[in-house]
Amino acid sequence: MSHDEDTCKLMSIEAKAAIQEVSFAVQSVSISEQLPRSDELVYLNLKTKEEQLYCVELSVKGFRVVGRQFDTTSDGADNPYFETIYALLDTVSPEYRLSFGEALVSKLSELQGTVEEDPSEDAK
C-alpha cells in the first residue's frame with residue numbers, strides 16, 4: 001500500500017472513529033457518499049439533535065463546518081477548524097453538551113456501582 005493510500009485510509013479511520021464517538025449525541029452522522037474523499041479530506045454529514053444539518057470537513061487541519069446542508073461545501077471558507085469533533089459540536093449544538101453531560105454522569109454512576117460491588121484488596 002502506498003503512502004497516499006495509508007493516509008486516505010487513516011482519514012477514513014479517523015472519520016469512522018468520530019462517528020462512533022458522537023453518535024449518541026446527534027440525530028445522525030455519516031461519511032458523505034456524494035463528496036469526494038482523498039488522502040487529505042473526508043466529509044461528514046451531521047444532523048444535530050436540534051435538527052440542524054451540517055456538512056463537516058475532516059482534514060489534517062481538523063474539523064470544520066463547510067455547509068449547512070448535507071453534501072454541500074459552500075459555507076466553509078471562513079469557518080474555524082476544531083481539533084476534535086467534540087469541540088465543533090460544543091459550539092453548534094447545545095443539546096450535544098447536555099447529552100455529553102448525561103453520558104458522563106451515567107458512566108460515573110456505572111463506575112461507582114462497580115467499585116461498590118467489587119470489594120477492595122484492603123478488605124481481605
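The shown structure was predicted, so the numbers you read here are calculated from the model rather than taken from an experiment.

Basis of the calculations
Residues numbered from 1 in each chain as written. Predicted model: local features only at pLDDT ≥ 70, side-chain atom pairs only at ≥ 80, totals over all residues. Heavy atoms only, no water. Helix = DSSP H or I, 4+ residues; strand = E, 2+ residues; numbered from the N terminus. Buried < 20%, exposed > 50% of the residue type's maximum accessible area, 1.4 Å probe, protein only. Areas by Shrake-Rupley, 256 points an atom, 1.4 Å probe, with all protein chains shown as cover. pLDDT = per-residue confidence, 0-100. Contact = heavy atoms within 4.5 Å. Core = buried A, V, L, I, M, F, W, Y, C linked by side-chain atoms within 4.5 Å. Pairing = 2+ DSSP bridges.

## Some words on the overall build of the protein
- Broken down by element type, the protein carries three helices and four strands.
- For the protein, the N- to C-terminal ordering of α and β elements is α-β-β-β-β-α-α.
- Counting the 124 residues in the protein, one finds 32% classified as buried.
- Looking at the protein as shown, the accessible area adds up to about 8,000 Å², and 51% of this sits on carbon and sulfur atoms.

## Let's talk about the confidence of the model for the protein
- The share of residues in the protein with pLDDT of 70 or more is 85%, and the mean pLDDT across the chain is 83.
- With pLDDT under 50 throughout, residues 1-7 is counted as low confidence; its partners more than four residues away or in other chains account for four contacts.

## Examining the nonpolar core
- If you look at the biggest cluster of nonpolar residues, it comprises 23 residues, and the most contacted ones within it are Leu-44, Leu-46, Val-56, Phe-63, Ile-85, Leu-88 and Leu-89.
- Of all the elements in the fold, those that place two or more residues in this core are helix H1 (3-22), strand S1 (28-31), strand S2 (41-47), strand S3 (53-59), strand S4 (62-67) and helix H2 (85-92).
- Of all the elements, H1 adds the most residues to this core, at five residues.
- Not counting chain neighbours up to four residues away, the residues in contact with Ile-85 comprise Ala-18, Val-22, Leu-44, Leu-46 and Phe-63.

## So, the pairing of S1
- Residues of S1 alternate between two faces, with Val-29 and Ile-31 buried on one and Ser-28 and Ser-30 left unburied on the opposite face.
- Pairing of S1 with S2 involves four bridges; the strand directions are antiparallel. Bridging across to S2, Ile-31 finds its partner in Leu-44.

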